[in-house]
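# Report on the structure
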Amino acid sequence: MSKTLVSMTLNGRKVEEAVEPRTLLVHFLREKMSLTGAHIGCETSHCGACTVDIDGQSVKSCTHLAVQCEGSDVKTVEGLASLSGQAGVLHAVQEGFYKEHGLQCGFCTPGMLMRAYRFLQDNPTPTEEEVRVGMAGNLCRCTGYQNIVKAVLHAARTLQQNKVAA
Ligand code: FES
Ligand code: FES
């Protein structure tokens with residue numbers, strides 16, 4: 001099959017690669033870019049394990065073509081810490097999941113982190129109910145969600161404190 005050149009900004013770095021038009025973004029990330037943080041769970045847009053951020057929106061990369069990212073700004077979990085603004089420091093959502101034990105097996109976690117990142121960009125001071133609704137597109141088979149909700153609220157508080165301190 002003929003290939004198409006696709007170029008995008010990936011975690012702040014310009015990349016250009018020839019891909020088959022049918023290549024899914026999650027396969028592009030994992031197999032061409034060696035970014036294996038986006039996990040493949042359901043491949044039907046249900047579980048959210050493959051969630052990445054494209055041009056300021058949460059996107060399930062299992063049902064998005066790599067060629068659709070032409071010219072886009074794509075962020076994956078591998079680039080999340082760099083968004084903390086401080087070298088060697090975890091992003092507040094990573095810190096929140098760590099502090100509140102928001103994971104068990106960890107399979108859902110990269111997608112949860114990327115969804116939490118975008119959710120808090122859009123709603124920096126959410127209620128618990130809003131967190132539950134905002135994270136509803138990401139499924140977890142282990143935790144029962146309680147600690148994930150706590151983790152997102154923890155991250156929200158940290159981001160607000162950092163803003164006040166800045
Ligand atoms: S693998 Fe993409 S939503 Fe489940
Ligand atoms: S921690 Fe295992 S699926 Fe969420």
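Check the entry above for the structure.
Figured I'd write up the structure that's included with this text. (Residues numbered from 1 in each chain as written. Chains lettered and ligands numbered in written order. Predicted model: local features only at pLDDT ≥ 70, side-chain atom pairs only at ≥ 80, totals over all residues. Heavy atoms only, no water.)

## What to know about the sheet that holds strand β4 (residues 57–60)
- With mixed pairing, the five strands of this open sheet are ordered in space as β2-β1-β5-β3-β4. Both edges of this open sheet fall to β2 (13–19) and β4, since each of them pairs with a single strand only. Going from strand to strand, the sheet's axes swing by 40° on average, the running direction of each strand aside.
- Bridge count between strand β3 (residues 51–54) and β4: four bridges; the pairing is antiparallel. Residue Val-52 lies in a different strand from β4, and its bridge partner there is Val-59.
- With respect to the sheet, helix α1 (residues 25–32) is in contact with β1 (4–10), β2 and β3, its orientation differing from that of β2 by roughly 105°.
- Each of β3, β4 and β5 (73–75) is contacted by helix α3 (residues 109–122), which is oriented at about 35° to β3, the strand it contacts most. (Pairing = 2+ DSSP bridges. Helix = DSSP H or I, 4+ residues; strand = E, 2+ residues; numbered from the N terminus. Axes fitted to C-alpha atoms, helices over the stretch in contact; angles between N-to-C directions. Contact = heavy atoms within 4.5 Å.)

## A word on the packing of helix α2 (residues 92–99) against helix α5 (residues 146–165)
- Interaxial distance between α2 and α5 falls to 8 Å at its minimum, and their mutual angle equals 135°. Relative to α5, the element α2 is oriented oblique. You can see that α2 and α5 cross each other, and the crossing is right-handed. Packed against α2, whose contacting residues are Ala-92, Val-93, Gly-96, Phe-97 and Lys-99, the element α5 presents Ile-148, Ala-151, Val-152, His-154, Ala-155, Thr-158 and Leu-159 at the interface.
- Residues belonging to the contact of α2 with α5 are distributed by class as follows: eight nonpolar, three polar and one charged. (Parallel < 35°, antiparallel > 145°, perpendicular 65-115°, else oblique. Left-handed = near helix turned anticlockwise from the far one by under 90°. Nonpolar A, V, L, I, M, F, W, Y, C, P; charged D, E, K, R; others polar.)

## Quick word on the environment of Asp-73
- Secondary-structure assignment places Asp-73 in strand β5.
- Each C-alpha atom of the pair Asp-73 and Ile-54 lies 5.7 Å from the other, and the pair is 19 residues apart in sequence.
- Those residues in contact with Asp-73, other than ones at most four positions away along the chain, are Thr-9, Asp-53, Ile-54 and Asp-55.

## Regarding the side chain of Lys-75
- Mapped onto the elements, Lys-75 comes out in strand β5.
- According to the relative accessible area criterion, Lys-75 is buried, its value standing at 16%.
- In this structure the side chain of Lys-75 is engaged in a polar contact, spanning 2.8 Å, whose partner is the side chain of Asp-73.
- Those residues in contact with Lys-75 that lie beyond four places of it in its chain are Asn-11, Val-52, Asp-53, Leu-83, Met-114 and Tyr-117. (Buried < 20%, exposed > 50% of the residue type's maximum accessible area, 1.4 Å probe, protein only. Polar contact = N/O pair within 3.5 Å; in protein donor to acceptor, adjacent residues only side chain to side chain.)

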